[in-house]
Amino acid sequence: MRPITCIIVDDEPLAVRLLESYVEKTPDLELMASFTDSINAINAIKTQKPDLIFLDIQMPNIDGMELAHSLPEETRVIFTTAFKEYAFESYEVNALDFLLKPVRYNKFLAAVEKARKLYQQPSAPQPQQQTTLFIRVEGEWRNVTIDQITYVNGMKDYVMFYLDNEPKPLITHLTMKAVEEMLPKEKFLRVHRSYIVAVDKIQKVDRNDCIYIDKEIIHIPDGYLPAFRQFLQSRSTP
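What this report covers is the structure whose coordinates are included nearby. What you see is a predicted model; the values in this text were computed from it and never measured. (Residues numbered from 1 in each chain as written. Predicted model: local features only at pLDDT ≥ 70, side-chain atom pairs only at ≥ 80, totals over all residues. Heavy atoms only, no water.)

Read across the sheet, 5 strands follow the order β10-β9-β8-β12-β11 without closing on themselves; strand pairing throughout is antiparallel. What marks the edges here is a single partner per strand, and that holds for β10 (170–173) and β11 (188–192). Within this sheet the neighbouring strands show an average axis-to-axis angle of 20°, counted without direction. With 4 bridges connecting them, strand β9 (residues 158–163) and β10 associate as antiparallel partners. Residue pairing across strands places Met-160 opposite Ile-171, the latter belonging to β10. (Pairing = 2+ DSSP bridges. Helix = DSSP H or I, 4+ residues; strand = E, 2+ residues; numbered from the N terminus. Axes fitted to C-alpha atoms, helices over the stretch in contact; angles between N-to-C directions.)

Now the structure itself:
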């Protein structure tokens, strides 16, 4: 297995030297560089792409929390700081661990072990993505391609599946909750008590929070607006 690569960023030279000594005597851990300046560290992190950063929080120019927000997705952080009040903030950037100064070697090793489990575990086979759905219609089972579904409309104990290039919906005896659990969450969003929509089939959203999809206009109630706006933000331009 390849070693875990790391970079140390701390404006205190003594703290840097201590961490360097810990890295040197830790198996499967390779030091790429050390920095006492966060700006130079950012440039090196972007080009060298280490697995792990040992990062102080209180630093001049750009503090550790700001720097952590700019890291590549594949690089994880172990914060090193003398101030335990930053512990809660560290969870915002998905920090791997939080070490209080002066850092003890046993605590350092425990944090590295978390990184080792993360980076050296064998990759699990990816589950096969669901592409079709069997829908019972008038006593028969229809095998429907999920990408055909534009939206689903619920009426009491029945739901109607509206499909591309199908003049009439497929009506089946199901609840909206059951349908929501069956459909892949990365492709479908519940926007109303009675509507689930295929997000890639949305044509527009007007200023009154109405979705236009196929020939249907769906007004999003207040209870569903926060999740929908979060979805919009993730898919929209700045």
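So, about the pairing of β10. Alternating residues of β10 divide into Leu-170 and Thr-172, all buried, and Ile-171 and His-173, none buried. In this structure, the hairpin formed by β9 and β10 is closed by a connection of 6 residues, where Asn-165 is found at a positive phi of approximately 60°. (Buried < 20%, exposed > 50% of the residue type's maximum accessible area, 1.4 Å probe, protein only.)

Turning to the pattern of salt bridges, a few remarks are in order. Within this structure, the stated rule accounts for 14 salt bridges. In this structure, the salt-bridge partner of Lys-101 is Asp-10, at a minimum N-O distance of 2.7 Å. You can see Lys-101 sitting in the loop between β5 (97–100) and α5 (105–120) and its partner Asp-10 sitting in the loop between β1 (4–9) and α1 (13–24), a full 91 residues away along the chain. The exposure class of Asp-10 is buried, given its relative accessible area of 0%. Two residues, Arg-235 and Asp-200, come together in a salt bridge whose shortest N-O distance is 3.2 Å. Placement of Arg-235 in helix α7 (residues 225–235) and of Asp-200 in the loop between β12 (195–198) and β13 (204–205) is noted, with a sequence separation of 35 residues between them. (Salt bridge = Lys/Arg side-chain N within 4 Å of Asp/Glu carboxyl O.)

The next thing to look at is the packing of aromatic side chains. Enumeration over the complete set of coordinates arrives at 7 aromatic pairs. Pairing Tyr-22 with Phe-108 gives two aromatic rings, centres 5.3 Å apart and planes at 55°, and the pair type is tilted. With Tyr-22 in helix α1 and Phe-108 in helix α5, the pair connects residues that are 86 residues apart, well separated along the chain. Taken as a pair, Tyr-22 and Phe-108 share a single burial class, namely buried. Their ring planes at 20° and their centres at 6.1 Å tell us that Tyr-105 and Phe-108 sit as a pair that is stacked. With Tyr-105 and Phe-108 both in helix α5, this residue pair falls 3 residues apart, about one helical turn. Ring pairing ties together the aromatic residues Tyr-22, Phe-54, Tyr-105 and Phe-108, which thus form one cluster. When the ring centre of Tyr-105 is taken as reference, the NZ or CZ atom of Lys-25 above it lies at 4.3 Å. (Phe/Tyr/Trp six-rings, centres within 6.5 Å; stacked < 30°, edge-to-face > 60°. Lys NZ or Arg CZ within 6 Å of the ring centre and 35° of its normal.)

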